[in-house]
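Residues per chain, in single letters:
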Amino acid sequence: MKYTQLGRTGLKVSRLVLGTMNFGPQTDEADSHAIMDSALGAGINFVDTANVYGWGENKGRTEEIIGNWFAKGGERRDKVVLATKVYGNMAGDGPSWPNHDKLSALNIRRAVDASLKRLQTDYIDVYQFHHVDRATPFEEIWQAIDTLIQQGKILYVGSSNFPGYKIAQANEIAARRGGTIGLVSEQCLYNLAERRAEMEVIPAAQEYGLGVIPWSPLQGGLLGGVIKKQVEGGRRASGRAADTLADPTSRAQIQAYEDLLDKHGLEPGDTALAWLLTRPGVTGPIVGPRTAEQLDSAIRAVDLDLSEELLTSLDEIFPGPGPSPEAFAW
């Protein structure tokens, strides 16, 4: 496994991030623990989750599965850089009681204590804001975070799904206040087929020293050889991938992608992950395996070197927006 610093911090993390969103809803606890053991054995030390994972009436279940894994011992907790998130309503699928969601100081305090209990740990390495809270000023948010850092409950803070201007606003206010060093990472939707983050989010993250952690690196399976799987195994696409393939132009684009990689003898999913690892500012993509086999495939991508010729061809199939601000200003 290869490692890098998380943004401007001294924290060393693996170039792949183990995403746990499937643990509970799609992968039972025993298999989830086996995947986590395999990931740790392969050198993946960065584990990402969220308080709402488990979904519906089972929100919090994923954190509980991770906590039970830590409780097995074997220095599991000490070896892991643990990231979780705060923002969502934890009251099942119904309406939340006032102050039981978003980023008020009250909810942050309540949510971190609940996550610590479920995760069976004393501290969270990277505590992430799952979304922008337009109603809460960053002065209040950072005051709450400073307290948690002083209490030893969290070490670093990251964002998720933030636009570039909110990354700038958050860190400028943190700098004016002193205390916390501000955001150190940003999780954003970023992959070959979805490159809008290159317009503002990634430039802002680089300017402020945030590590970029892409989620959905295969665009919901679209970049994992979906057409080939349909032809060879009769497996039908679903969700975001199915919606994209319903458009003839988009389907032709994905077909060109798969044909290109077939010519080079490469697997589509491995290549999509390896491409992200070549992108400036990217710490590592989040991979969310449902099975041990999917984890093994993701790990291969770390050692996959993509030629300049192939990178150029990928840009031709999936052109990015171009440099900012020229991409939208001229």
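Here the structure is a predicted model, which means the values were calculated and not measured.

Per the secondary structure count, the chain includes 14 helices and ten strands. Relative to a compact globule of 330 residues, whose C-alpha radius of gyration would be 20 Å, the chain shows 20 Å and is just as compact. In terms of its C-alpha atoms, the chain occupies a principal-axis envelope of roughly 55 × 50 × 40 Å. Taken across its 330 residues, the chain has 51% of its residues classed as buried. Taking the intrachain contacts of the chain between residues at least 6 apart in sequence as the baseline, contacts between residues at least 24 apart amount to 77%. Surface exposure of the chain reaches about 14,900 Å², of which carbon and sulfur atoms provide 49%. If you average the places of the 33 positive and of the 42 negative side-chain charges in the chain, the two averages end up 4 Å apart.

Take the pairing of strand S6 (residues 124-129) next. In terms of residue burial, S6 counts as a mostly covered element, since six of its six residues are buried. Bridging between S6 and strand S7 (residues 154-160) involves five bridges; their strand directions are parallel. Looking at the pairing, Tyr-127 lines up with Val-157 of S7. Between the parallel pair S6 and S7, the chain is carried across by helix H5 (residues 138-150), and the sense of this crossover is right-handed.

According to the stated counting rule, one finds one cavity of 30 Å³ or more in the structure shown. In this model, the largest cavity occupies a volume close to 30 Å³. Every residue along the wall of the largest cavity is listed here: Leu-103, Val-132, Asp-133, Thr-136, Phe-138, Ile-141 and Lys-166. Tallied by class, residues from the lining of the largest cavity come to four nonpolar, one polar and two charged.

Definitions and cut-offs
- Residues numbered from 1 in each chain as written.
- Predicted model: local features only at pLDDT ≥ 70, side-chain atom pairs only at ≥ 80, totals over all residues.
- Heavy atoms only, no water.
- Helix = DSSP H or I, 4+ residues; strand = E, 2+ residues; numbered from the N terminus.
- Rg over C-alpha atoms; globule rule 2.2 N^0.38 Å.
- Buried < 20%, exposed > 50% of the residue type's maximum accessible area, 1.4 Å probe, protein only.
- Contact = heavy atoms within 4.5 Å.
- Areas by Shrake-Rupley, 256 points an atom, 1.4 Å probe, with all protein chains shown as cover.
- Lys, Arg positive; Asp, Glu negative; His and termini not counted.
- Charge placed at Lys NZ, Arg CZ, Asp CG, Glu CD.
- Pairing = 2+ DSSP bridges.
- Right-handed = clockwise from strand over helix to strand, strands pointing away.
- 1 Å grid on protein atoms, 1.4 Å probe; cavity = no way out; pocket = protein on both sides within 12 Å on 5 of 7 lines; lining within 4 Å.
- Points joined across faces, edges and corners; volume = space filled by probe spheres on them.
- Nonpolar A, V, L, I, M, F, W, Y, C, P; charged D, E, K, R; others polar.

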